[in-house]
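Remarks on the overall topology
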Amino acid sequence: MVEKKNAYFFANWKMYLDYEESVELAQSLASLLPKFPSSITTVVFPSALAFYSVQQTLKNTSIKVGSQNIYWVEKGGYTGEISASMYKSLGSAYTLIGHSERRHLFHETNHEVRQKLEAALTVGLQPVLCIGEKLEEREQGKSEDVVEVQLRGALENLVWPGNPSLFIAYEPVWAVGTGVACDPAETERMHRIILDLVKGLAPQVSLKILYGGSVRPENIRSYINQEHVDGVLVGGASVKLDSWLEMINHGCS
Ligand code: PGA
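Everything numeric in this text was worked out from a predicted model, so none of it was measured. Note on numbering: residues in each chain are counted from 1, in written sequence order. Given that this is a predicted model, residues contribute local features only at a pLDDT of at least 70 and side-chain atom pairs are listed and counted only at 80 or more, while totals for whole chains, interfaces and linings are drawn from all residues. Excluding hydrogens and water, the side-chain values take into account all heavy atoms of the structure.

1. So, the site of the ligand
Being near a molecule or strand, for a residue, comes down to having at least one heavy atom within 4 Å of it. Taken together, the neighbourhood of the ligand is formed by 13 residues, with Lys14, His99, Glu171, Gly177 and Ser214 sitting nearest. Throughout this description, a polar contact denotes any pair of N or O atoms lying within 3.5 Å of each other; where both atoms belong to protein, one of them has to be capable of donating a hydrogen while the other can accept it, and for residues adjacent in sequence the pair is counted only when both atoms sit in side chains. The contact in question runs from an oxygen atom of the ligand to an N or O atom on the side chain of lysine 14, over 2.8 Å. Note that an oxygen atom of the ligand is positioned 2.7 Å from one of the backbone N or O atoms of serine 214. Only the protein chains shown count as cover for residues, and the accessible areas themselves come from Shrake-Rupley with a 1.4 Å probe. When the ligand is considered free in solution it has 280 Å² of accessible area, and contact with the protein chains removes 99% of it. Of the residues in the shell around the ligand, the class split is four nonpolar, seven polar and two charged. Any residue that is not Ala, Val, Leu, Ile, Met, Phe, Trp, Tyr, Cys, Pro, Asp, Glu, Lys or Arg is counted as polar, Gly included; the first ten are nonpolar and the last four charged.

2. Some details on the packing of helix α1 (residues 19–32) against helix α2 (residues 51–58)
Across the interface, α1 lies against α2 with an axial gap of 9 Å and an inter-helix angle of 15°. As judged from the angle between their axes, α1 and α2 are roughly parallel. The handedness of the crossing between α1 and α2 comes out as right-handed. Counting all contacts with α1, which are made through Tyr19, Ser22, Val23, Ala26, Gln27 and Ala30, the residues of α2 involved are Ser53, Val54, Thr57 and Leu58. When its residues are assigned to classes, the contact of α1 with α2 shows six nonpolar, four polar and no charged. Axis definition: a line fit to C-alpha positions, over the contact stretch in the case of helices; interaxial angles, taken between N-to-C directions, run 0 to 180 degrees. The way it works is that DSSP assigns letters per residue, a run of H or I at least four long becomes a helix, a run of E at least two long becomes a strand, and they are numbered from the N terminus. An angle counts as roughly parallel when it lies under 35 degrees, as roughly antiparallel when it exceeds 145, as roughly perpendicular when it falls between 65 and 115, and as oblique in every other case. Put simply, a crossing is left-handed when the front helix is turned counterclockwise from the back one by less than a right angle, and right-handed when it is turned clockwise. Note on definitions: a residue-residue contact is assigned when non-hydrogen atoms from the two residues lie within 4.5 Å.

3. Quick notes on the packing of aromatic side chains
Only Phe, Tyr and Trp rings take part, Trp by its six-membered ring, and two of them pair if their centres are within 6.5 Å. Stacked means planes under 30 degrees apart, edge-to-face means over 60, and tilted covers everything else. What the rule picks out here adds up to eleven aromatic pairs. Ring geometry for tyrosine 211 and tyrosine 223: centres 4.4 Å apart, planes at 15°, overall stacked. Of this pair, tyrosine 211 sits in strand β7 (residues 206–212) while tyrosine 223 sits in helix α9 (residues 220–224); the two residues are twelve residues apart in sequence, bridging distant segments of the chain. Here the aromatic residues Tyr8, Phe10, Phe45, Tyr94 and Phe167 are joined through ring pairs into a cluster of three or more.

4. Thoughts on the pattern of salt bridges
By definition here, a salt bridge exists when the distance from a side-chain nitrogen of Lys or Arg to a carboxyl oxygen of Asp or Glu is within 4 Å. Inspection of the entire model under this criterion finds twelve salt bridges. The salt bridge involving glutamate 186 is made with arginine 138; its shortest N-O contact spans 2.9 Å. Of the two residues, glutamate 186 sits in helix α8 (residues 184–201) while arginine 138 sits in helix α6 (residues 135–139), which places them 48 residues apart along the sequence. Summary of the burial criterion: residues with accessible area below 20% of their type's maximum are buried, those above 50% are exposed, and those between are partly exposed, where the area comes from a 1.4 Å probe applied to protein chains only. With a relative accessible area of 16%, glutamate 186 lands in the buried category. In this structure arginine 138 comes out as partly exposed when scored by relative accessible area, which is 22%. Glutamate 188 is paired through a salt bridge with arginine 192; the nearest N and O atoms lie 3.2 Å apart. With a gap of four residues between them, glutamate 188 and arginine 192 both fall in helix α8, about one helical turn apart. When its relative accessible area of 8% is taken as the criterion, glutamate 188 is described as buried. For arginine 192, a relative accessible area of 41% puts it in the partly exposed group. The network of salt bridges with shared partners includes Glu133, Arg138, Glu144, Glu186 and Arg189.

5. A look at unusual backbone geometry
Backbone geometry at lysine 14 places phi at a positive 45°, although glycine is not the residue there. Secondary-structure assignment places lysine 14 in the loop between β1 (7–12) and α1. Its identity as a non-glycine residue notwithstanding, asparagine 157 has a phi of 55°, on the positive side.

6. Let's talk about the packing of helix α5 (residues 110–123) against helix α7 (residues 143–155)
Packing of α5 against α7 leaves a shortest axis separation of 8 Å and a crossing angle of 45°. The orientation of α5 relative to α7 falls into the category oblique. Crossing of α5 against α7: the hand is right-handed. Where α5 approaches α7, its residues Asn110, Arg114 and Leu117 are matched on the opposing element by Val149, Gln150, Arg152, Gly153, Ala154 and Leu155. The residue makeup of the contact of α5 with α7, split by class, is four nonpolar, three polar and two charged.

If you want it as structure tokens, here you go:
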């Protein structure tokens, strides 16, 4: 087992919670925070609708709040979009970029992912870049190629600010929301590949690699124990208080 100094537990609330449920969960997390081990860094990603209230609820705690998506233009006629700078001005610290649901349900391209990444870096949001292959790509033995294309599209010749840091969430599409998690040893193998690719593309960047895809209280430890897994990005199991607390207990025991 690998001793972890710090593990990152990121909670992607997706569109699972309405406004009241989001604020309620944030209030519960804030009140239970003294029980969380300090070795865990928590970031929650509420819906755009609940973002500000959740941020206000958590602002005096160590739990950070991020957006699930951003748009790269600062202001203008872009119905339904919210810019990186708008989130930043409301206290956002992080943003997910290129989540598989954005890529595959909303047809977000590698080029758009790149523009969002640049916008996040410009305004000082910490990007969490999500990558991962689809089932047919895995079955055809193309997983490595897919993550390489996604990483090159996002990172090649990118201009970084001072002290650059990046989170990557490796989230195989077939594991997201399906109950079929990636085997922990295979996750570790993919994380090593990602680490090597990022070293080549952005050697100056301080990198953390999270795993996401059907992480549950009963399997979280098997990921955290892997040498190159710095934490997890959790969807479904992060929106119920009990399972999230169980996850924290299992994840650091
Ligand atoms: P899941 O989602 O935990 O529900 O599989 C993970 C994610 O989409 O980040």
